[in-house]
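Residues per chain, in single letters:
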Amino acid sequence: MLKVIMIYDQIQAGAGTKDDKMIPLAAKKEPVGPAVMMEQFLKEIDAKCVACLYCGNGYYKENQTEVVRKLTAMVKKLGPDAVMCGPSFNYVEFSEMCADVAKSIQDHTDIPVIAAMSQENEQTIEAFKNDIYIVKTPKKGGTGLNEALRNMCKLTQALVNKKDTSKLKEEVCFH
């Protein structure tokens, strides 16, 4: 069974509201937020969420280098088969964190990693689309979330199994 770590902001982790931006870096050993909704799709690829790592958007912004370094170190220590950053939907600050952390994990580990966000994050997508996998999701409350979650799992499975991802990337990622 594949072990997957999810990385969230305070809202998706259920640790606070949009006003609780200064939540420090933390972890939960069980699925929370979108990871709970994703369980059925993770089962399809024989995977499970083993931990959710998160922090507040404001905490990330004020401690960007430290947060990225610590999240990358936590992922290395926990040794999952893959990491999913997001889905961050149309939340700009969370999308920036997802892309930044995904790039760091990709650059400093051998662990496959993806980010997931909606098209409203044009600047982040443009800045990172050639460096990391960014799966398309609807904006918060938009239609197509189940398909996006399934696509995140399909791409993760392909990356873990070292399959050719070019066709799948064309279908499900920003490029």
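So, a few notes on the structure that sits alongside this text. Since the model is a prediction, treat every value here as computed from it, not as a measurement.

## What to know about the packing of helix α3 (residues 64-78) against helix α4 (residues 92-108)
For step 1, the next point in the chain: At their nearest, the axes of α3 and α4 sit 9 Å apart, and the two run at 50° to each other. Between α3 and α4, the angle is such that the two are oblique. The chirality of how α3 crosses α4 is right-handed. Residue-level inspection shows Q64, V68, L71, T72, V75 and K76 of α3 in contact with α4, the latter providing D100, V101, S104, I105 and H108.
For step 2, the next point in the chain: Here the contact of α3 with α4 is composed, by residue class, of 5 nonpolar, 4 polar and 2 charged.

## Observations regarding α3
For step 1, the next point in the chain: Here α3 contains 15 residues, and its C-alpha end-to-end distance of 21 Å stays within 8% of the 21 Å for a straight helix at 1.5 Å per residue.
For step 2, the next point in the chain: As for α3, its buried residues are in contact with β1 (2-9), β3 (47-55), α2 (57-62), β4 (82-85) and α4.

## Points about the sheet that holds β4
Backbone-to-backbone hydrogen bonds pair the strands of a sheet. The strands run either parallel or antiparallel.
For step 1, the next point in the chain: Within the open sheet, the 6 strands sit side by side as β2-β3-β1-β4-β5-β6. Their pairing is mixed. The sheet terminates laterally at β2 (26-28) and β6 (133-136), the two strands that pair on one side only. With direction set aside, neighbouring strand axes in the sheet form an average angle of 25°.
For step 2, the next point in the chain: In terms of strand pairing, β1 meets β4 through 4 bridges, oriented parallel. Residue pairing for β4: I5 is matched across the bridge by V83.
For step 3, the next point in the chain: Against the sheet, α4 touches β1, β3, β4 and β5 (113-117), its axis set at about 170° to β5.
For step 4, the next point in the chain: Contacting β1, β4, β5 and β6, helix α6 (residues 145-160) runs over the sheet at an angle of about 155° to β6.

Cut-offs used in this document
For every chain, the first residue of its written sequence is number 1, and the numbers climb from 1 along that sequence. Residue-level local features of this predicted model are given only where pLDDT is at least 70; pairs of side-chain atoms are given and counted only at 80 or more, and the full residue set underlies all totals for whole chains, interfaces and linings. Hydrogens and water molecules were not included; the side-chain quantities draw on all heavy atoms of the structure. Angles shown run from 0 to 180 degrees and are taken between the N-to-C directions of axes, each axis being a line fitted to C-alpha atoms and, for helices, limited to the stretch in contact. Numbering of helices and strands runs from the N terminus; a helix is a DSSP stretch of H or I covering at least four residues, while a strand is a stretch of E covering at least two. Relative orientations are named as follows: roughly parallel for angles under 35 degrees, roughly antiparallel for angles over 145 degrees, roughly perpendicular for angles from 65 to 115 degrees, and oblique for any other angle. With the far helix as reference, a near helix turned anticlockwise by less than a right angle produces a left-handed crossing, and one turned clockwise produces a right-handed crossing. Residue contacts follow a heavy-atom distance rule, with two residues in contact if any of their heavy atoms lie within 4.5 Å. Polarity classes work like this: nonpolar for Ala, Val, Leu, Ile, Met, Phe, Trp, Tyr, Cys and Pro, charged for Asp, Glu, Lys and Arg, and polar for all others, with Gly in that last group. To estimate how far a helix should extend, the number of its residues minus one is multiplied by 1.5 Å. Two strands qualify as a pair provided that DSSP identifies no fewer than 2 bridges between them.

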